[in-house]
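# Structural overview
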Amino acid sequence: MAESDNIVVETAEKIFADLADPQTINNDKKGSWQAPLWQALSEAGLPLSWVPDDLGGSGASLADGFALLNAAGRFAVAVPLAETMLAGWLLAQARIASPEGEMTVVPASPKDRITVDADGALSGRCRGVPFAKAAKHFAVLAHGKDGVSIALVDASKGRIESGLNVGYDHSDTVTLDKAQPVAVKAAPDGVDQTTLMLMGGVARSLQIAGALESMLDISVRYSNERIAFEKKISKFQAVQHNLARLAGESAAALAAATSAADAIANAKKFDDEVYLEAAAAKIRCAEAAEKGGGIAHQVHGAIGFTIEHILHRYSLRALAWRDDFGSESYWAVELGKLVAVRGADQLWPLVASR
Amino acid sequence: MTAALRFDPIRLPEKCEQLRKEVRAFLAEEMARGTFNPFKPNREDTDVPEFCRRVGERGWIGMTWPKKYGGQERSFLERYVVTEEMRVANAPTRRFFVADRQSGPVLLKYAPEHIKMDILPRICRGEICFAIGMSEPNSGSDLFAAKTRATKTDGGYLINGTKIWTSSAHIADYMIAIFRTSPPTKENRRHGLTQFLVKMKQPGIKVNPIGQITGQYEFNEVVFTDFFVPDDHVLGEVDGAWKQATSELAYERSGPERFLETYYVLTELVRAVGANPDTRSAEGIGRLVAQLHTMRRMSVSVAGMLQAGKEPVVEASIVKDIGTVWEQQLPHRVRDLAAFVEETASNRETLERQLDFAIKTAPKLTIQGGTTEVLRGIIARGLGLR
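Residues numbered from 1 in each chain as written. Chains lettered and ligands numbered in written order. Predicted model: local features only at pLDDT ≥ 70, side-chain atom pairs only at ≥ 80, totals over all residues. Heavy atoms only, no water.

### Focus on the overall build of chain B
A tally of regular secondary structure across chain B gives twelve helices and eight strands. A globule of 386 residues ought to have a C-alpha radius of gyration of about 21 Å, and chain B, at 21 Å, matches this closely. Principal-axis analysis of the C-alpha atoms places the extent of chain B at approximately 70 × 55 × 40 Å. A burial count over chain B gives 59% of its 386 residues as buried. Summarising the internal contacts of chain B: among those between residues at least 6 apart in sequence, 75% fall at separations of at least 24. Distance from the positive charge centre (54 side chains) to the negative charge centre (49 side chains) of chain B: 2 Å. (Helix = DSSP H or I, 4+ residues; strand = E, 2+ residues; numbered from the N terminus. Rg over C-alpha atoms; globule rule 2.2 N^0.38 Å. Buried < 20%, exposed > 50% of the residue type's maximum accessible area, 1.4 Å probe, protein only. Contact = heavy atoms within 4.5 Å. Lys, Arg positive; Asp, Glu negative; His and termini not counted. Charge placed at Lys NZ, Arg CZ, Asp CG, Glu CD.)

Quick look at the structure:
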């Protein structure tokens, strides 16, 4: 993506460039870069982008927040920025103010369920919750007798079993056992677990697209530096064609993800057309992560397989992000069912809806 | 960033949606009238002159061209919608589509005024058909290797040589062709080719049919023997056709026709599978729809760039590469997913007939209009690799 004229993205890119340089981060085995980065992002109000001013946030538009997530993907940022943004967004749907500090959303998988009792206590077990261990609060979507609720929960009220995703980032199991929330309110109409998963899925799609843009960038650069058989490998037609395919996958991911973000940002509700956009983005971006990441590694040869090289920061994270908020196989089944129920003659009108 | 590839989420404006309804209604009328049958792709009736004239009457050919040449001065996005609906309906557009997409724009840019005034309105009325004379025996994608000679003579040129793979030459009224007017120079291999407007159905041109593996007839070999082309039929710069030919390619490479050619098998799969698909079918359909949606977003995005007057050559090549590989694989994926459709499904026979034809069509999709290898070379150039 070209340089942004968006002030939110500009601010974020400057912070990432100063404090989240992938090479520096990769060399820092202790993770001492995380605290200053999070502090700078917080001071700029970025983690609470999607929280209105009166609920403690910075009140950026959905569109600006999505663009910020794409930029975060380009730097393969491994702090709970997307998670805190999603949590703030979810809480704001029920007019619950966001606290300071890291947050994440529970559940992070369409199959997991949290239930809410009559007295407001929350129970359930959710796997694969990104950055749960780093979070001070959870934004929880829960199901009860009276429908769907949104709750703010102090993270210390939950039991957390640590886990790592394939990108070496925290992906934990959160168990709530009659946990009392800080606040709980009914979710407004149209906000349910599917909505949360689609929002999360589009966030991940934008991050994957960003990671692919960077993978293309560093792969092209590497191919112009690396000499083999007495020439730059970028001069070999087979390498050129691989990089052209990587550019295609990167472009497809970016097109699908930005289109879905735009659709959500301008939608009045999550109708079938928005569902198509969001589900398709997650499916296509996940496919692009697999194909594109494979090519990026192929171009880099053995050096890209080492922990010293930065390539894995993008490739493994893009692969890991496929799993959050519903995998591509999950969404493909759901989208396929939607298409089948609407019937053959309604497929094209759905695809050509905007 | 190495390559600032942009695919902005362009949305079709409201007036496109109105137009879309009009096109759908028109196509439904034509099907009812029996002009074409979208469920019978292996048809022999693809050349339907009356259909072309009726499309012309609606103002849907040359839509973006100036009104004084018979156009409507409408946007590329409106044209996009018409192309899309025609393609999805499997409408018999072969007779006018080449002129609409490529030949007309070339004439608009390079033909003398009296020729524009003569030919463009007839294209818009759906009365005439164009062919493109690029490939030659043993040249193909390597346009520099074209040998067919145009030798200067009194008042014009004499053409000698052979064009090949020329779609629709047997029904075409005109061809826009590239001939060699000078040898290439050592410094510039691209030098020496000139673009000409050729009036077909004249002495000195012989059109020989070439059969295709689909069973359809579309390709031809076109042999020129001392064929005369007048001076005012030279299009653009003598010896400078290379740049002219390549600058048009974004139009040819990113449109809906570059990912929808086998779309009909997906619709028929959904129909055959029914409302309650098993998990495997649902997943397969979901993935294909996600891929289709993504390509369409990319293609609409390029149409928006063209509308804005940009030249998205690399982006268009990416759309064609991904789009044609997809439409090529689609019949095979559908065949795979159709394996468990009930033997008794009432529309299974239609699906099988469609698949049979689409599978035979598939091999050409990554060849026509610039091979995958050529496209990837263009993309690589855009990435700064060559």
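Now that the structure has been shown, we can carry on.
### Let's talk about the interface of chain A and chain B
Facing the 54 residues of chain A at the interface are 50 residues of chain B. Summed over the shared surface of chain A and chain B, the number is four salt bridges. Run the count over chain A and chain B and you get 14 residue pairs in polar contact (both at pLDDT 80 or more). When residues of the side of chain A that touches chain B are traced back to their parent elements, those giving at least two are α6 (193-223), α7 (237-266), α8 (272-300), α10 (328-342) and α11 (347-351) of chain A. The element best represented in the side of chain A that touches chain B is α7 of chain A, accounting for 17 residues. (Salt bridge = Lys/Arg side-chain N within 4 Å of Asp/Glu carboxyl O. Polar contact = N/O pair within 3.5 Å; in protein donor to acceptor, adjacent residues only side chain to side chain.)

### Looking at unusual backbone geometry
Keep in mind that most residues, glycine aside, have a negative phi and that most peptide bonds are trans. Residues and elements named next belong to chain A. The amide bond that connects Val106 to the next residue, Pro107, takes the cis arrangement and shows omega of -5 degrees. Inspection of the secondary structure assignment puts Pro107 in the loop between β1 (103-106) and β2 (114-116). Residue Phe229 is not a glycine yet carries a positive backbone phi of 50 degrees. As for its position among the elements, Phe229 is in the loop between β9 (227-228) and β10 (231-232). With phi around 70 degrees, Glu230 is a residue other than glycine that occupies positive phi space. Tracing the backbone through its elements, the reader meets Glu230 in the loop between β9 and β10. Relative accessible area serves as the criterion here: at 82%, Glu230 is assigned to the exposed category.

### Notes on empty space enclosed by the protein
Residue and element names in this part refer to chain B. Counted under the stated rule, the structure contains four cavities of 30 Å³ or more. Estimates place the volume of the largest cavity at around 110 Å³. Lining the largest cavity are 13 residues, and of these Gln102, Val106, Ile132, Met134 and Gln195 sit closest to its centre. Breaking the lining of the largest cavity down by element, the ones donating at least two residues are α4 (94-110), β1 (130-133) and β4 (174-180). Class assignment for the residues of the lining of the largest cavity results in eight nonpolar, four polar and one charged. (1 Å grid on protein atoms, 1.4 Å probe; cavity = no way out; pocket = protein on both sides within 12 Å on 5 of 7 lines; lining within 4 Å. Points joined across faces, edges and corners; volume = space filled by probe spheres on them. Nonpolar A, V, L, I, M, F, W, Y, C, P; charged D, E, K, R; others polar.)

### Considerations on the packing of helix α8 (residues 264-273) of chain B against helix α10 (residues 313-338) of chain B
Residue and element names in this part refer to chain B. Viewed as axis vectors pointing N to C, α8 and α10 meet at an angle of 15 degrees, and their least axial separation amounts to 9 Å. Put simply, α8 runs roughly parallel to α10. Our pair here, α8 against α10, has a crossing hand that is left-handed. Residues Val265, Leu266 and Leu269 of α8 form the contact with α10, whose own contacting residues are Leu330, Pro331, Val334, Leu337 and Ala338. Of the residues contributing to the contact of α8 with α10, the split by class is eight nonpolar, no polar and no charged. (Axes fitted to C-alpha atoms, helices over the stretch in contact; angles between N-to-C directions. Parallel < 35°, antiparallel > 145°, perpendicular 65-115°, else oblique. Left-handed = near helix turned anticlockwise from the far one by under 90°.)

### Some remarks on the pattern of salt bridges
Residues and elements named next belong to chain B. Here the structure, examined in full by the defined rule, presents 49 salt bridges over all chains. Here Lys201 makes a salt bridge to Asp173, at a shortest N to O gap of 3.4 Å. You can see Lys201 sitting in the loop between β5 (193-199) and β6 (205-211) and its partner Asp173 sitting in the loop between β3 (156-164) and β4, a full 28 residues away along the chain. Here Lys201 falls in the exposed class, since its relative accessible area comes to 58%. We classify Asp173 as buried; its relative accessible area is 19%.

### Some words on helix α5 (residues 81-93) of chain A
One full turn of an α-helix is made of 3.6 residues, so residues set three or four places apart face in the same direction. All names here are of chain A. Its 13 residues place the ends of α5 19 Å apart at the C-alpha level, agreeing with the 18 Å of an ideal helix rising 1.5 Å per residue. Along α5, the positions that sit buried rather than exposed are Leu81, Ala82, Glu83, Thr84, Met85, Leu86, Ala87, Gly88, Trp89, Leu90, Leu91 and Ala92. Of the residues flanking the end of α5, it is Arg95, one or two places downstream, whose phi is positive at about 55 degrees. (Expected span 1.5 Å × (residues − 1).)

### Notes on the packing of aromatic side chains
All names here are of chain B. Per the stated rule, a full pass over the model turns up 16 aromatic pairs over all chains. Here a set of aromatic residues connected by ring pairs shows up, and it is made of Tyr157, Phe179, Phe196, Phe224 and Phe227. Its end group placed over the ring of Tyr157, Lys152 keeps NZ or CZ at 4.9 Å from the ring centre. (Phe/Tyr/Trp six-rings, centres within 6.5 Å; stacked < 30°, edge-to-face > 60°. Lys NZ or Arg CZ within 6 Å of the ring centre and 35° of its normal.)

### Let's talk about the pairing of strand β2 (residues 149-153) of chain B
All names here are of chain B. Of the pairings in the sheet, the one linking β2 to β3 comprises five bridges and is antiparallel in character. Residue Thr153 lies in a different strand from β3, and its bridge partner there is Gly156. The hairpin formed by β2 and β3 contains two residues between the paired strands, and Gly155 there has a positive phi angle of roughly 75 degrees. (Pairing = 2+ DSSP bridges.)

### Observations concerning the nonpolar core
One finds Phe16, Leu37, Phe66 and Leu90 of chain A together with Val289, Met298 and Ile318 of chain B to be the most contacted residues of the largest nonpolar core, which totals 162 residues. For this core, the element with the most residues is α6 of chain A, which contributes 16 residues. Other than its neighbours up to four places away in sequence, Ile318 of chain B contacts Ala247, Gly248 and Ala251 of chain A together with Leu5, Phe7, Met298 and Ile379 of chain B. Counting 35 residues, the second-largest nonpolar core is a separate cluster that includes Val55, Val82, Ala91 and Ile176 of chain B. (Core = buried A, V, L, I, M, F, W, Y, C linked by side-chain atoms within 4.5 Å.)

### Some words on the side chain of Asp112 of chain A
All names here are of chain A. Turning to its location among the elements, Asp112 is positioned in the loop between β1 and β2. The side chain of Asp112 sits in the buried core without any salt bridge; Arg127 is the nearest counter-charge, 6.4 Å away. In this structure the side chain of Asp112 is engaged in a polar contact, spanning 2.9 Å, whose partner is the backbone nitrogen of Arg127. Leaving out residues up to four positions away in the same chain, Asp112 has contacts with Pro107, Arg125, Cys126, Arg127 and Gln193.

### Some remarks on the confidence of the model for chain B
As a general rule, the predicted coordinates of low-pLDDT regions are not to be interpreted in detail. Residues of chain B with pLDDT of at least 70 account for 97%, and the chain-wide mean is 93. Scoring the predicted complex yields pTM 0.96 and, for the interface, ipTM 0.97. (pLDDT = per-residue confidence, 0-100.)

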